[in-house]
Amino acid sequence: LMLHVAQLTPQSPPGQYLYSHYNYALLEFILESVAERSFSELVRENITEIFAMTNTGVGTPPPHCRVIGYNRAGQTVDPWSFTSFAGSEGIYSCPTDLGHFMQKLLEEDHPYAHLLDSSLLPQVKIAGYKRAYAANGWHLFKHKRSEPVY
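Note that the structure is predicted; figures quoted are calculated from it, not measured.

### Considerations on the state of the cysteines
So, point 1. Within this structure, the stated rule accounts for zero disulfides.
So, point 2. Its sulfur unpaired, C65 is 5.6 Å from the next cysteine sulfur, which belongs to C94.
So, point 3. Owing to a relative accessible area of 14%, C94 belongs among the buried residues under this scheme.

### Regarding the confidence of the model for the protein
So, point 1. Mean pLDDT over the protein stands at 84; residues scoring 70 or higher make up 97%.
So, point 2. By mean pLDDT, the top-scoring element of the protein is helix 3 (residues 39-48) (95), and the lowest-scoring one is helix 1 (residues 2-6) (74).

### Concerning the sheet that holds strand 7 (residues 138-141)
So, point 1. Taking strand neighbours across the sheet as the criterion, the three strands line up as 5-6-7 in an open arrangement whose pairing is antiparallel. With partners counted over all chains shown, the strands left at the sheet margins are strand 5 (124-125) and strand 7, one partner each.

### Some remarks on the environment of K144
So, point 1. Mapping K144 onto the fold places it in the segment after strand 7.
So, point 2. Sequence-wise, K144 and R131 are 13 residues apart; in three dimensions their C-alpha atoms are separated by 8.9 Å.

### A few points about the pattern of salt bridges
So, point 1. Tallying each qualifying case throughout the model produces three salt bridges.
So, point 2. The residue R37 makes a salt bridge to E45 at a minimum N-O spacing of 2.9 Å.
So, point 3. Across the pair E107 and K104 runs a salt bridge, and its minimum N-O distance is 3.8 Å.
So, point 4. Of the residues examined, E107 reaches a relative accessible area of 28% and is grouped as partly exposed.

### Some words on the environment of Y24
So, point 1. With respect to the secondary-structure elements, Y24 resides in helix 2 (residues 21-35).
So, point 2. Its relative accessible area of 30% is what places Y24 among the partly exposed residues.
So, point 3. Separated by 41 residues in the primary sequence, Y24 and C65 have C-alpha atoms spaced 24 Å apart.

### Considering unusual backbone geometry
So, point 1. Cis rather than trans, the peptide bond between L121 and P122 has omega equal to -10°.
So, point 2. The topology assignment puts P122 in the loop between helix 6 (114-119) and strand 5.
So, point 3. In this structure, E36 takes a positive phi of about 55° despite not being glycine.
So, point 4. With respect to the secondary-structure elements, E36 resides in the loop between helix 2 and helix 3.
So, point 5. For E36, a relative accessible area of 70% gives the class exposed.
So, point 6. Residue A52 is not a glycine yet carries a positive backbone phi of 50°.

### A closer look at helix 2
So, point 1. Between the first and last C-alpha of helix 2 there are 21 Å, a value that for 15 residues agrees with the 21 Å anticipated at 1.5 Å per step.
So, point 2. Regarding helix 2, the residues found buried are A25, L26 and E28. Along the axis of helix 2, the buried positions cluster into a sector of 160°, meaning they face one direction only.
So, point 3. Where helix 2 is buried, its residues meet helix 1, helix 3 and helix 4 (86-89).
So, point 4. With its phi angle positive at about 55°, E36 sits one or two positions after the end of helix 2.

Rules used in this analysis
Residues numbered from 1 in each chain as written. Predicted model: local features only at pLDDT ≥ 70, side-chain atom pairs only at ≥ 80, totals over all residues. Heavy atoms only, no water. Disulfide = S-S within 2.5 Å. Buried < 20%, exposed > 50% of the residue type's maximum accessible area, 1.4 Å probe, protein only. pLDDT = per-residue confidence, 0-100. Helix = DSSP H or I, 4+ residues; strand = E, 2+ residues; numbered from the N terminus. Pairing = 2+ DSSP bridges. Salt bridge = Lys/Arg side-chain N within 4 Å of Asp/Glu carboxyl O. Expected span 1.5 Å × (residues − 1). Arc of directions from axis to C-beta. Contact = heavy atoms within 4.5 Å.

Below you can see the structure in the form of structure tokens.
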């Protein structure tokens, strides 16, 4: 992965938003290398256990967490399962866990509450959209007459 990424040519100038799965793959690789543990273990130890997210993890979700998907013909499709790039494609969750996660981040006395504010900056305009911005993993949509939607 590192050799492949080293040969890539940037597709946009520095500071311009351009989503890339490689960024998350590199982050996953770096985290595993530094911590000497799997990405799955790191997610469990640093996110799901801390935020009591019992239906969130890495890999293929258990049957009770799966949502039935459909193709364009209206036929059901099997859930996707990725064996690489877990940092960008391999984390599953459910609305209850995600709501619990956000609720904890919004509590001022939670030890990780400051992470929400810092994750919303800096904001970079997404080319081709009037009011769309990206900020450290969030997409923001700024409306003229209301608060931003994250």
